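Analysis of the macromolecular model
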Amino acid sequence: MATKADTLLTRTKSGEKREGAGTTGSESRLIIKALKIIAGTLILGVVAIVGYLLIAPPDLLKVGTNYSAKIVCSNVFIAGRDPEDVLTVDVLAPGHPLLKQISIDVDAEAQTVNARIFRFFAPATSQYREGLGCTNVHDATLSDAALTAIEPLPTGIWPVGNEVQLSQDPEIARILADSTLLGEGYRAVVVVRDGRIVGETYAEGFDENTPLLGWSMTKTVTAGLIGTLIKSGQMSLEDTLTDSYPDWAQDGRKNITLKDMLAMSSGLQWNEEYGDVSDVTKMLYLNDDMAGFVSGRPAESEIGADFNYSSGTTAALSRVWQDKLTDGSLTYPQEALFEPLGMTSVVLETDAADTFVGSSYMYATARDWARFGQLLLQKGEWNDQQILPEGFTDWMFEPVAASDGMYAKGHLWLDSPGGLPPYEDAVWLQGHDGQFIGVFPSQDMVVVRLGLTPSRHGYSSLPLAEALISVLQD
């Protein structure tokens, strides 16, 4: 029979065994200390990352927020659209996952849009000014410049007025009801034949009064503005650009001419890739002075040797033609081009240096875009007035040697969007996300298609143009 001492001894040994099977008190304290150090390190890391994102966010985030602020601002204050609709449809269109994390704040009274990512980081601001649209503001202070709207058109049939009398051709109606031909995300189609609108259609939420962004179709408008200055004797195709960019006089860039720039064969280095941080996205979304940014691009190849499609080239040209104006007035595009053509809806936006963003940022109704296409079709003449120099559009339509027949000298495409050209004399204005204007001189025809159709959809506007031409041929 066990004694009381034996029982106590057994309990003691059992207790020692249990303590030995676990950890000692000192070991427990070491583990807790290590966990505290790890937790502290993680907290410091999170704080450092948050601080970095607040103080110096990476360019990719800043591109995303500035793009978002700009797109929402222009569509709200120029096109009158709902900001949440623009955010969920237009901003997310490129498909980059970071854009899903964008939040916006629209101040209707101040006419600003602020954007952030993850609700706190990479803040961006776009400011609306009457007649000049929206401008992203970084370190600059915007001038108080504004433009008065062009007077409304008189009553009359397009293009003199803005009334349209459609013939209701059933074949045209059938084509303009074909979703495959119109393409996913289409917003407007206008068909002009023999100087009259013979067909048009609009997606839900858009109509003949909605100004729509042309993206790179704006480049051809810039070429047209330069044409008006050539006609007045203020510019020449042989002009060099050193007056606007004096640093170029120190190297081979001093020999780059206006015609080299219009032909996209200046030899300047440029990366036009979208969807990431590149030359074009830095220019559009991270710089107050876009032309100043472009002026720093070095020469990469011999002048005229290579074709390099570049929004920077056209942005630089915008500063060049503006510098030719003795009064520096921002009203020139209205006076020289838009008002004579009756393009009353146009808003050509500027950067913070008050340089027109002639590469990318023109809003106009589909009917007004059609007016510009019709001007090219009519060789620069409008209402018996020669808006562009005689022979200038012929020069604009000539192929650029370095482009292998793809591009023409006046910021125009010879390759049709998505296929071979159906007619030898056709030229095309083309813009990001499915914008195009086809000009067909032999058919006396202009076709405008505007929308939001990213390239991943594989849409080609060529079948639409071909179908319309086939039913409208004499």
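Residue numbering note: each chain is counted from 1, following its sequence as written. Local features in this predicted model are restricted to residues whose pLDDT is 70 or higher, and side-chain atom pairs enter the listing and the counts only when it is 80 or higher, whereas totals over whole chains, interfaces and linings include all residues. As a rule here, side-chain values come from all non-hydrogen atoms in the structure, and water together with hydrogens is ignored.

1. Remarks on the side chain of Ser126
Helix and strand assignments follow DSSP, with helices taken as H or I runs no shorter than four residues and strands as E runs no shorter than two, numbered in order from the N terminus. Structurally, the position occupied by Ser126 is in strand β3 (residues 121-129). We call a residue buried when its accessible area falls under 20% of the maximum for its residue type, exposed when it is over 50%, and partly exposed in between, using a 1.4 Å probe and counting protein chains only. The exposure class assigned to Ser126 is buried, which follows from its relative accessible area of 0%. Contacts described as polar in this section are N or O atom pairs within 3.5 Å, which, within protein, must combine one atom able to donate a hydrogen with one able to accept it, while residues neighboring in sequence count only if both atoms come from side chains. Within the structure, the side chain of Ser126 is placed 3.1 Å from the side chain of Asn136, a separation counted as a polar contact. The contact criterion used throughout is that any non-hydrogen atoms of two residues lie within 4.5 Å. Ignoring sequence-local partners within four residues, the contact set of Ser126 consists of Ala69, Lys70, Cys73, Gln111, Thr112, Val113, Cys134, Thr135 and Asn136.

2. Focus on the packing of aromatic side chains
Stacked, edge-to-face and tilted labels apply to pairs of Phe, Tyr and Trp rings (six-membered ring for Trp) whose centres lie within 6.5 Å, assigned for plane angles under 30 degrees, over 60, and everything in between, in that order. Tallying each qualifying case throughout the model produces 16 aromatic pairs. For the ring pair Trp321 and Phe356, a centre distance of 5.9 Å and an interplane angle of 10 degrees mean the geometry is stacked. With Trp321 in helix α11 (residues 311-323) and Phe356 in the loop between β8 (347-348) and β9 (362-364), the pair connects residues that are 35 residues apart, well separated along the chain. Ring geometry for Trp428 versus Phe440: centroids 5.3 Å apart, planes at 90 degrees, classification edge-to-face. In this pair, Trp428 sits in strand β14 (residues 427-431) while Phe440 sits in strand β15 (residues 435-440), placing the two residues 12 residues apart along the sequence. Residues Trp428 and Phe440 agree in their burial class; the two are buried. A network of ring pairs unites the aromatic residues Phe307, Tyr309, Tyr407 and Trp413 as a single cluster. In this scheme, Lys NZ or Arg CZ marks a charge over a ring once it lies within 6 Å of the ring centre and within 35 degrees of the ring normal. The side chain of Lys70 reaches across the aromatic face of Tyr361, ending 4.0 Å from its centre. The side chain of Arg297 reaches across the aromatic face of Phe293, ending 4.8 Å from its centre.

3. Structural notes on the state of the cysteines
Two cysteine sulfurs form a disulfide in these notes if their separation is within 2.5 Å. This model, assessed by the stated rule, comprises 1 disulfide. Each disulfide pairs two cysteine sulfurs, and for Cys73 the partner residue is Cys134, the sulfurs being separated by 2.1 Å. Of note, the bridge from Cys73 to Cys134 carries an S-S torsion of about -75 degrees and is left-handed in sense. Residue Cys73 is found in helix α3 (residues 59-77), and its partner Cys134 is found in strand β4 (residues 133-137); the two are separated by 61 residues along the sequence. One exposure class covers both Cys73 and Cys134, and it is buried.

4. Some details on the nonpolar core
Judged by nonpolar contacts, the single largest core of 141 residues is most densely connected at Val191, Trp321, Leu337, Phe338, Met362, Trp369 and Leu468. Ranked by residues supplied to this core, first place goes to α3 with 9 residues. Here, nonpolar core means buried Ala, Val, Leu, Ile, Met, Phe, Trp, Tyr and Cys residues that are tied together by side-chain atoms lying within 4.5 Å of each other.

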